[in-house]
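# A structural walkthrough
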Amino acid sequence: MFQDSKIPEGPLAEKWEKHKFNVKLVNPANKRKYDIIVVGTGLAGGAAAASLAELGYNVKAFTYHDSPRRAHSIAAQGGINAAKNYQNDGDSIFRLFYDTIKGGDYRAREANVYRLAQVSVNIIDQCVAQGVPFAREYGGLLANRSFGGAQVSRTFYARGQTGQQLLLGAYSALSRQIAYGKVKMYTRSEMLDLVVADGQARGIITRNLITGEIERHAAHAVVLATGGYGNVFYLSTNAKYCNATAAWRAHKKGAYFANPCFTQIHPTCIPVSGDYQSKLTLMSESLRNDGRVWVPKTVETAERLRKGEITVNDISEEDRDYFLERKYPAFGNLVPRDVASRNAKQMCDEGRGVGSSGLAVYLDFADIIKRTGADSVSQKYGNLFAMYEKITGEDPYKQPMRIYPAVHYTMGGLWVDYNLQTTIPALYATGECNFSDHGANRLGASALMQGLADGYFVIPYTIGDQLAQTPPTPVSTNHLAFEEAEAGVRERINKLLSINGTRSPGEFHKALGHIMWEYCGMARNAEGLRHAKQEIQKLRREFWSDLKLTGTDQELNQMLESAGRVADFIELGELMVDDALHRNESCGGHFREEYQTPEGEALRDDENFAYVAAWQYNGENKPEILNKEELSFENVKLTQRSYK
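Residues numbered from 1 in each chain as written. Predicted model: local features only at pLDDT ≥ 70, side-chain atom pairs only at ≥ 80, totals over all residues. Heavy atoms only, no water.

## Let's talk about the domain arrangement of the protein chain
- Taken as a whole, the protein chain is organised into domain 1 (267-407) and domain 2 (480-604).
- For domain 1 and domain 2, the distance between their C-alpha centres works out to 31 Å.
- Taken together, the contact pairs ten residues of domain 1 with eight residues of domain 2.
- Taken over both partners, the interface formed by domain 1 and domain 2 buries close to 770 Å², and the fraction arising from carbon and sulfur atoms is 59%.
- Considering only the surface of domain 1 that becomes buried against domain 2, Asp338, Arg342 and Lys345 emerge as the three largest contributors, covering 53% of it.
- Joining domain 1 to domain 2, the criterion identifies zero salt bridges.
- Connecting domain 1 to domain 2 are three residue pairs in polar contact (both at pLDDT 80 or more).
- Counting residues per element, the ones that place at least two in the side of domain 1 that touches domain 2 are helix H10 (337-349) and strand E15 (401-410).
- Among the elements that line the side of domain 1 that touches domain 2, the one with the most residues is H10, at five residues.
- By residue class, the composition of the side of domain 1 that touches domain 2 is five nonpolar, one polar and four charged. (Domains from an automatic or database assignment. Contact = heavy atoms within 4.5 Å. Buried area = accessible area lost by both parts, 1.4 Å probe. Salt bridge = Lys/Arg side-chain N within 4 Å of Asp/Glu carboxyl O. Polar contact = N/O pair within 3.5 Å; in protein donor to acceptor, adjacent residues only side chain to side chain. Helix = DSSP H or I, 4+ residues; strand = E, 2+ residues; numbered from the N terminus. Nonpolar A, V, L, I, M, F, W, Y, C, P; charged D, E, K, R; others polar.)

## So, the environment of Gln554
- Looking at the element boundaries, Gln554 is found in the loop between helix H16 (526-546) and helix H17 (558-582).
- By relative accessible area, Gln554 is classed as exposed at 53%.
- Once the C-alpha coordinates of Gln554 and Asn500 are considered, the two residues, 54 residues apart in sequence, prove to be 17 Å apart.
- With near-sequence residues (within four places) excluded, Gln554 lies in contact with Thr211 and Gly212. (Buried < 20%, exposed > 50% of the residue type's maximum accessible area, 1.4 Å probe, protein only.)

Dropping the structure here:
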């Protein structure tokens, strides 16, 4: 066990305020002497870069997109949580904290989660001040809706475009600092390695994706805000560009990787329609507010439906099984994502799935349309309904949507302490890039909350504690550590280009995704995980002997970009399997078939596994070292999760 999380002493509700007073400060005149690198310009990165620059620091911000506006945060649709209690329905900071801890199946730190709930109320005010067009009630007050894992309405939203609108707010703040000269923006630049000099993060090595030029960038601290690693599964709701390279490079330089097997499967995705697909499309969880999830009650009815002998509208109400409402009457269709996903899979495994493949369930809006009218539904979800119809050719106003679970979010990530600092001094990780707030399952509408909390309200305070102890002398890119890191990047690129095999990066990525989904996806077992490890090791050997790339490294070369990312995914995939294999329990999104209740729910083992699994890189082709951070629960009682 190791315990270096820097969690403050004292009552839970007072920890953050006391900590903000106790952290060391950098005086305003000295802040302009410090350089900070921020990698990633989504909500966490954009908010951090803008806030740090506003404080006076010199910020270099990097994105592999042509504009920060293309960050994947734009894809978040449903909303952002905050404990404002505008509905006067019983919400509070403690209730948001409790719902998040429980939703994560008691595998997150109490202190971090409570801080998240505390600052959530500030995020809404910040975003309203930026002009984010949140939905409003008739009287002008901000509107709220419900999301999974909660019995109160605390989710603020902008129709089905919440992530886009929040990102535009952060982008406006970032653009202001770019105009002032406090942020230097590097677009189309990909981080390929972290530079650690004299035991501290001191910069990064990047590749210009247009020219191929390798560049060195130095700073007094580095903040990673590079998102999650869901694309290790190939098919996911993530954009194709999303990858794990920045975090994985940092891991191999000494940053612990925590809980990598904690992957979220989102229950509300448009089902796979063919082998040609390269990604999946998410239908917002907000749809479960008003949509009812069901399948036919009998296998016979489902078979007739799949054969086209009957249509969905031919199935009477008494022949429909609203299984989430039946099994979880207290929460109904708003159970957490892991619970909803496993139940959808169970229905399909029983032979009651719908669609030509049988791998789908219905999400039906007939009741809400009948009760409030199609225009009212369109005001809430119109763009989502239009997107569904465009992709499937089916009108969800007239027949139910077909949905099935898909990889969406990763709760695991770089290990960070209470200051969001990794095990490498002066290296920070924010947003989905770190592991800190969601335990084994993230509640819907909490990703935007965490990203903006980290960027706007946490890192601006905590980074000063490290910088105050760092001399403000300029960092030189001539340091030997920069030369070694750049040489390593060039050697890796040359190695990828020189293999000259027969298979494309996409072929290897697809093969990896199949292994991960089949054996480390919605359900895992020891036998399957051991098989997956052997298959991944085999795939890794094939990758480094049979990869085929075209073009050179001195030009735009998306095959080369993809190859580097796939190589990292293969290594990360093996670590995910190791993590899933060692954790002999079920919790949240980690469902081991050997460990479940008689009712089929996840069965935790709090006596042996109430810890964060923080993996330490141990060298090429060597088993990683498992470090354990014990989780203590002083304010919530460890109980079997129940949403009944």
